[in-house]
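Now for the letters of each chain:
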Amino acid sequence: MVYTTAILLSLLGYFIIGHLAGRRVKHLDDYLVAGRNAPTFLILGTLVASYLSTSAFLGETGFAYSGYPFVMLIFAAVSTSGCLLGALVFGRYLRRSGALTVPEFFGKRFASRRVQVIAGLTTVVGLGAYLLGVMQGAGIMFEELTGLPYWVGLVLVWLTYTGFILYSGSPGVVLTDTVMFVIFSLAALGGSLYIIDDLGGWHGVIEGLLSQSDKPGIALWHGVVEGDGAAFSSPAEALTWGLTLGLVWAAVLAASPWQASRYLMARNEHVVMRSAMLTAVALAIFYALMMMTGAAINLYKPDLDAEHAMVWSALNVMPTWLGIVILTGVFAAGLSSCSTFLSIIGFSLSNDILPASRDEKTAMRTSRLAVLAAGLIALVLALFQPPAVMAVVWFAATLFASSWGPVALMSIWSRRITAAGAAWGLIVGFVGNLLLSLATQAEWIVLPVYLHPVVISTAAAVAAIMVASRLTTVSQAERDYRASLHRRDEDIQAHWERGTRRVAVCTMVVGILVGVFLWYQYAGTLDGLASRFDVADSATLGAYALAVGCGGMLLIAGGVGYRVARTRRAGVQRSVSSGA
C-alpha cells in the first residue's frame, strides 16, 4: 500500500508542477520552446531526463544483471561523448537558428517545406515507437508496485503527462523533467551505494561475482561469453558491440529530436555547451554506479527476470524509505520521457506537417489538439501491443542516428549538400534502418555485430545525400542561411565565456576522478583477486583499459569544450570560410 500511495502522490505532484509552469505560457514561443530562456540547470535536467527512461533502469540495468555490466560501461563511455558532439557541431548552431522545432530548422536551412515535412514525419513515426516503449515500461512498473491492472497504470500515466502538456507545453515538460531528474538521480545514487555497501563494497561485490558460477565472467570487462545464454561468443565480439552501439548512440545523443530540441529552449549557445558537458558527467556517473549495481543484484538472487531486477531489489533488499525513493525515481524516469516524446510529436505534427495556422492563437490550439490526438493513439497502441521495453526503445532511437545524424552534421558543415540531398538522406537513412531492423528481428537475415542495421543505413544515407546533391544545385537562400548560422553574438561570447570554461574544467576533473575510481576500485580489486580466481592477464589489462577509457572520454570532452569556448573572432571567420 505504501508504494501505491507514493506512486499516486508522485503522479499528482507532477501534474500540479506541470500546471503551475503553464501560467507563464502567453505566446507560441512560450508553449513550444519555453520562451528560449531556460538556464543551464533546466536544460541539464531535461536532457538527462529525456534520455534516461525506464529502459535505462529496467532494460540496461537488466542487461548488466544478465552478465554485462562493464560492456555497458564501454557503451556508455562512447555514447555519452555524443552529448558534447551534438552541442558543439549541431546544437549551438541550432539554437542560433531561432526555429520552433528541429524539422523547422531543416526546412529553413534548405529553404524547403518538403524537407521539413519529411523530418516531421520521421519524428512522429520514430518517437511514436519510442513513446510506446517507455509508456509500457511505466505501465509495467505501476502494475508491479500497486497490484492494479496494467491498463490502469497506463491510463493514469497518460492522463498525468498529457494533462500538463496540453496546458503548459514545453515549460511544463522542462520543469517536471528537472524535478524528475533530481529524484531519480538521488534514487540511482542512494540505491547503488546501499547495495554495494551491503555486499561489502566494490571489493566484496567483485569477489562475490568471481565466486558465483551462474554467470561466469560477469565480473570481467567482457562479461559472460560462455554457455547457452551468452549474448556474445568472445571478448572481441563484446568489445565490438560496445563500441559499435556506443557510436550509434553517440549519434542519437548528438542529433535526435528529443535531445536536439532541448537546445532550442536554452538561453543562449553557452547554456547549450554547459548543459551538454554536465549531461555527459551525469550519465557517466549514473552508468558507473547503476551497471555495477545491476550485476551485484545477482549476489542476492541470480534467477530473476533481468528487466525486473532493479524493482525486485527495491522491494526486497532496501529499507522501505529507500525503496520508495528508488521506485518513484524509476517511475519518474519513464514519465519524463513520455512527456518529452509526446510534446515533440504533437509540436511536430502541428508545426511541421499540418498546414500553417493563420495566427498564433490558432497555432496554439492546433498544437494542443495534435498533442491530444497523438497521445490517444499512443495509449491505444500501448494497451494492445505486447510490452518489450528495451527492444522497442533501442530500435526506435537508432532510427534517428542513420537518418538525422548525417543530415544534421552536413547541414552545418557542408557547403555542397542540397535540399534534395537532405530529403533523400532522411528517407533512405530512416526507411533503410527500419527495414533492416525488422528483417533482423524476424531472423530473415543475420548480420555480424559490427554491421548493425544503423551502420549500413547510415552509409546508405550518406551515399544518397552525395548522389542527390551532385545532381542538384545549392540555392542562394541555402548559402545565405548556412552563413548566418556561423555568425555569433560576440557580446554574449565575451560575457559567458569564462563560466563555460569553468564547466569544461569541472568536466575534465570529473573525468580524472572517474578514471582513478575505476582504476583502483574495479581494476585494482580485480587484479588483486586474479591469482585466487585464475583470472587471465588479458582480463585485468582490459579492466585497466576500461578505467582509462571511461575517465578519458570525459577528460577529452571537457578539453574540447574548453577549447571551443575560448575561440576568438579569427577562429569564427575561419570556420565560416571552411566547409566540407
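Above: the structure in question.
Residues numbered from 1 in each chain as written. Predicted model: local features only at pLDDT ≥ 70, side-chain atom pairs only at ≥ 80, totals over all residues. Heavy atoms only, no water.

Let us now look at the overall build of the chain. Counting its regular elements, the chain contains 24 helices and zero strands. On C-alpha atoms alone, the chain measures out to a radius of gyration of 23 Å, which is about the 25 Å that the 2.2 N^0.38 rule sets for 580 residues. For the chain, the spread of C-alpha atoms along the three principal axes comes to 70 × 55 × 50 Å. Sorting the 580 residues of the chain into buried and exposed places 60% on the buried side. Within the chain, counting contacts between residues at least 6 apart in sequence, those at least 24 apart form 86% of the total. Of note, the chain has its 36 positive side-chain charges centred 19 Å away from the centre of its 31 negative side-chain charges. (Helix = DSSP H or I, 4+ residues; strand = E, 2+ residues; numbered from the N terminus. Rg over C-alpha atoms; globule rule 2.2 N^0.38 Å. Buried < 20%, exposed > 50% of the residue type's maximum accessible area, 1.4 Å probe, protein only. Contact = heavy atoms within 4.5 Å. Lys, Arg positive; Asp, Glu negative; His and termini not counted. Charge placed at Lys NZ, Arg CZ, Asp CG, Glu CD.)

Turning to the pattern of salt bridges, a few remarks are in order. Scanning the entire structure with this criterion turns up six salt bridges. With a shortest N-O distance of 2.5 Å, Glu207 and Arg532 are connected by a salt bridge. With a gap of 325 residues between them, Glu207 in helix α11 (residues 201-211) and Arg532 in helix α22 (residues 490-533) connect regions that are remote in the sequence. Assessed through its relative accessible area of 19%, Glu207 is described here as buried. As a salt-bridge pair, Lys301 and Asp303 come within 3.5 Å of each other at their nearest N and O atoms. For Lys301, a relative accessible area of 31% corresponds to the partly exposed category. (Salt bridge = Lys/Arg side-chain N within 4 Å of Asp/Glu carboxyl O.)

Now for the environment of Ala64. Within the secondary structure layout, Ala64 lies in helix α4 (residues 54-66). With a relative accessible area of 0%, Ala64 lands in the buried category. Residues Ala64 and Met291 lie 227 residues apart in sequence; the distance between their C-alpha atoms is 5.5 Å. Once you skip the residues sitting within four places of it in the chain, Ala64 turns out to touch Pro69, Ile218, Met291, Gly294 and Ala295.

Right, let's get into the packing of aromatic side chains. What the rule picks out here adds up to 22 aromatic pairs. With a centroid separation of 5.7 Å and 70 degrees between ring planes, the pair formed by Phe90 and Phe105 is classed as edge-to-face. In this pair, Phe90 is assigned in helix α6 (residues 81-97) and Phe105 in helix α7 (residues 102-109), connecting sequence segments 15 residues apart. The class for Phe105 is buried, based on a relative accessible area of 0%. An aromatic cluster is present here, built from Phe63, Tyr68, Phe75, Phe232, Trp241, Trp249, Phe286 and Tyr287 joined pairwise through their rings. Over the aromatic face of Tyr65 sits the side chain of Lys215, whose NZ or CZ is 3.7 Å from the ring centroid. (Phe/Tyr/Trp six-rings, centres within 6.5 Å; stacked < 30°, edge-to-face > 60°. Lys NZ or Arg CZ within 6 Å of the ring centre and 35° of its normal.)

Note that Thr162 resides in helix α9 (residues 150-168). With relative accessibility at 2%, the residue Thr162 sits in the buried group. A distance of 2.7 Å separates a polar atom in the side chain of Thr162 from the backbone oxygen of Trp158. Leaving out residues up to four positions away in the same chain, Thr162 has contacts with Leu342 and Leu372. (Polar contact = N/O pair within 3.5 Å; in protein donor to acceptor, adjacent residues only side chain to side chain.)

Further remarks concern helix α21 (residues 476-485). The set of residues buried in α21 consists of Glu478, Tyr481, Arg482 and Leu485. Down the axis of α21, the smallest arc covering the buried residues is 100 degrees, so these residues share one side. (Arc of directions from axis to C-beta.)

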